[in-house]
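A structural walkthrough
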Amino acid sequence: MELPKFILGDNTDHPDSIFVIHTEYPRFIINLENDDVEWFEEFTKEDEKELSAEAEGLIQQANEFYDREVSRYEDD
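Conventions adopted
Residues numbered from 1 in each chain as written. Predicted model: local features only at pLDDT ≥ 70, side-chain atom pairs only at ≥ 80, totals over all residues. Heavy atoms only, no water. Helix = DSSP H or I, 4+ residues; strand = E, 2+ residues; numbered from the N terminus. Polar contact = N/O pair within 3.5 Å; in protein donor to acceptor, adjacent residues only side chain to side chain. Phe/Tyr/Trp six-rings, centres within 6.5 Å; stacked < 30°, edge-to-face > 60°. Buried < 20%, exposed > 50% of the residue type's maximum accessible area, 1.4 Å probe, protein only. Expected span 1.5 Å × (residues − 1). Bend = angle between axes of the 7 residues up to and from the residue. Contact = heavy atoms within 4.5 Å.

**A short note on unusual backbone geometry**
The peptide bond linking Tyr 25 to Pro 26 adopts the cis configuration, its omega dihedral lying at -5 degrees. Tracing the sequence through the fold places Pro 26 in the loop between strand 2 (19-22) and strand 3 (28-31).

What follows is the structure, given as structure tokens:
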């Protein structure tokens, strides 16, 4: 099965939270309510330096994905 790069998620235990899951390396979930990020990967110190530059772009893409998805619901 081929997964999309981003997936929206919600949970009734966290009614104010909106989650975006990034399914490609480096995998993470971001809570758009507070921009909390949970990484699914283990990183070395060297990885963390490279990741910090890439993470900003990925988090921006996650926000853009959410905005795009919401606009598609509003257009219906």
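**Some points on the side chain of Glu 69**
Relative to the elements of secondary structure, Glu 69 occurs in helix 1 (residues 45-75). A distance of 2.8 Å separates polar atoms of two side chains, one belonging to Glu 69 and the other to Arg 68.

**As for the packing of aromatic side chains**
Evaluation of the coordinates by the stated rule reveals four aromatic pairs. Measuring from ring centre to ring centre gives 5.5 Å for Phe 6 and Phe 65, while their planes differ by 25 degrees; the resulting arrangement is stacked. Highlighted residues: Phe 6 in strand 1 (residues 6-9) and Phe 65 in helix 1, separated in sequence by 59 residues. In this structure Phe 6 comes out as buried when scored by relative accessible area, which is 9%. Look at Phe 65 and you get buried, because its relative accessible area is 12%. With a centroid separation of 5.7 Å and an interplanar angle of 85 degrees, the aromatic rings of Trp 39 and Phe 43 are classed as edge-to-face. In textbook terms, an aromatic cluster arises when at least three aromatic residues are bridged by ring pairs, as seen for Tyr 25, Phe 28, Trp 39 and Phe 43.

**What about helix 1?**
With 31 residues, helix 1 extends 44 Å from end C-alpha to end C-alpha; this agrees with the ideal 45 Å at 1.5 Å per step. Leu 51 marks the point of greatest bend in helix 1, at about 40 degrees. Those residues of helix 1 that sit buried are Leu 51, Ala 55, Leu 58, Ala 62, Phe 65 and Glu 69. The elements touched by buried residues of helix 1 are strand 1, strand 2, strand 3 and strand 4 (36-39).

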